[in-house]
Amino acid sequence: MMHNDWIESAWAAHSCDLRHYARGYCGNVEQAEDAVQDAFLKLQQTTPAVAGDPPRPWLFRVVRNRLIDLHRRSRRERPNDILPALAVDADDPAVDTEAIEALNQLPPRQREAMVLRFRGGLSYDAIAEVMGTSHSNVGVLLHKALRTLREELDPATEGRAV
């Protein structure tokens, strides 16, 4: 596959999920779009051997790192600002708003792991790569998040083994 075809294929397959992840991560549409565009510019400068084929986990990692850099820069300018919570698009009528509220109450790393797994469709290894953690830690984060969500959304499960 030619390099440009590889880039176009990656854009078609991953840009929508990357934009959704970035908007939820930073809460700013312009910063999110910039981070995704930066990731694809970096992808043009690399090869499938470096980024992987498909490059999905690599792209999520680049977007996340760019958003962290932007947050650090803005925090120096406004030290009291904190990174907004990850969000899920609630405009879809099929989305359960109670579940979204419960998801948004999770600790940030659990929430991010959930979004990467269930919205991003990433494997545990890919999530570990994006978040800079281990495969087993991803499992722990997802297990705790799912247990908390079950207890929050179905109080009858509270106290039972998950």
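These numbers come from a predicted model, not from an experiment.

### Structural notes on the overall build of the protein chain
For the protein chain, the helix and strand inventory stands at 8 helices and 0 strands. Every one of the 162 residues in the protein chain was classed for burial, and the buried ones make up 38%. Expressed as a percentage of contacts within the protein chain between residues at least 6 apart in sequence, the contacts between residues at least 24 apart total 62%. For the protein chain, the exposed surface amounts to about 9,500 Å²; the carbon and sulfur share of it is 49%.

### Topic: helix α5 (residues 97-104)
All of the buried residues in α5 are Ile100, Ala102 and Leu103. Down the axis of α5, the sector holding all buried residues measures 160 degrees, keeping them to one side. Residues of α5 that are buried in the fold lie against α6 (108-119) and α8 (135-153).

### Quick look at a negative patch on the surface
Negative charge collects at one region of the surface, where Asp96, Glu98, Glu101 and Glu152 lie side by side. On the secondary structure map, Glu98 appears in helix α5.

### Things to note about the packing of aromatic side chains
Considering all chains together, one arrives at 3 aromatic pairs under this definition. For the ring pair Tyr21 and Phe60, a centre distance of 5.2 Å and an interplane angle of 70 degrees mean the geometry is edge-to-face. Remark: Phe60 occurs in helix α4 (residues 56-77) and Tyr21 occurs in helix α1 (residues 3-26); sequence separation between them is 39 residues. Accessibility assignment for this pair places Tyr21 and Phe60 in one class, buried. Within the aromatic cluster, the residues linked to one another by ring pairs are Tyr21, Tyr25 and Phe60.

### Quick look at the nonpolar core
One finds Tyr21, Leu43, Leu59, Val63, Leu67 and Leu116 to be the most contacted residues of the largest nonpolar core, which totals 41 residues. Where this core is concerned, the elements lending two or more residues are α1, α2 (29-44), α4, α5, α6, α7 (124-131) and α8. If we skip the residues at most four places from it in the chain, Val63 touches Leu18, Tyr21, Ala22, Ala35, Val36 and Ala39.

### Concerning α7
Every buried residue of α7 is listed here: Ala126, Ile127, Ala128, Val130 and Met131. A positive backbone phi angle near 70 degrees is found at Gly132, which sits one or two residues after α7.

### Describing the confidence of the model for the protein chain
Across the protein chain, the average pLDDT comes to 82, with 81% of residues at 70 or higher. Below a pLDDT of 50 lies the segment residues 78-84, which in the model reaches 8 contacts outside its immediate sequence neighbourhood of four places, other chains included.

### Here's the deal with the environment of Thr133
As for its placement among the helices and strands, Thr133 is situated in the loop between α7 and α8. Apart from the residues within four sequence positions on either side, Thr133 is in contact with Arg109, Ala128 and Val138.

### So, the packing of α6 against α8
The interhelical angle for the contact between α6 and α8, taken along N-to-C directions, is 95 degrees, at an axis separation of 9 Å. Comparing the axis directions of α6 and α8 gives the class roughly perpendicular. Between α6 and α8, the residues in contact are Arg109, Gln110, Ala113, Met114, Arg117 and Phe118 and Asn137, Leu141, Leu142, Lys144, Ala145, Leu146 and Leu149, respectively.

What counts and what doesn't
- Residues numbered from 1 in each chain as written.
- Predicted model: local features only at pLDDT ≥ 70, side-chain atom pairs only at ≥ 80, totals over all residues.
- Heavy atoms only, no water.
- Helix = DSSP H or I, 4+ residues; strand = E, 2+ residues; numbered from the N terminus.
- Buried < 20%, exposed > 50% of the residue type's maximum accessible area, 1.4 Å probe, protein only.
- Contact = heavy atoms within 4.5 Å.
- Areas by Shrake-Rupley, 256 points an atom, 1.4 Å probe, with all protein chains shown as cover.
- Arc of directions from axis to C-beta.
- Patch = residues over 30% accessible without salt bridge, like charges linked within 9 Å, V, L, I, M, F, W, Y side chains within 5 Å.
- Salt bridge = Lys/Arg side-chain N within 4 Å of Asp/Glu carboxyl O.
- Lys, Arg positive; Asp, Glu negative; His and termini not counted.
- Charge placed at Lys NZ, Arg CZ, Asp CG, Glu CD.
- Phe/Tyr/Trp six-rings, centres within 6.5 Å; stacked < 30°, edge-to-face > 60°.
- Core = buried A, V, L, I, M, F, W, Y, C linked by side-chain atoms within 4.5 Å.
- pLDDT = per-residue confidence, 0-100.
- Axes fitted to C-alpha atoms, helices over the stretch in contact; angles between N-to-C directions.
- Parallel < 35°, antiparallel > 145°, perpendicular 65-115°, else oblique.

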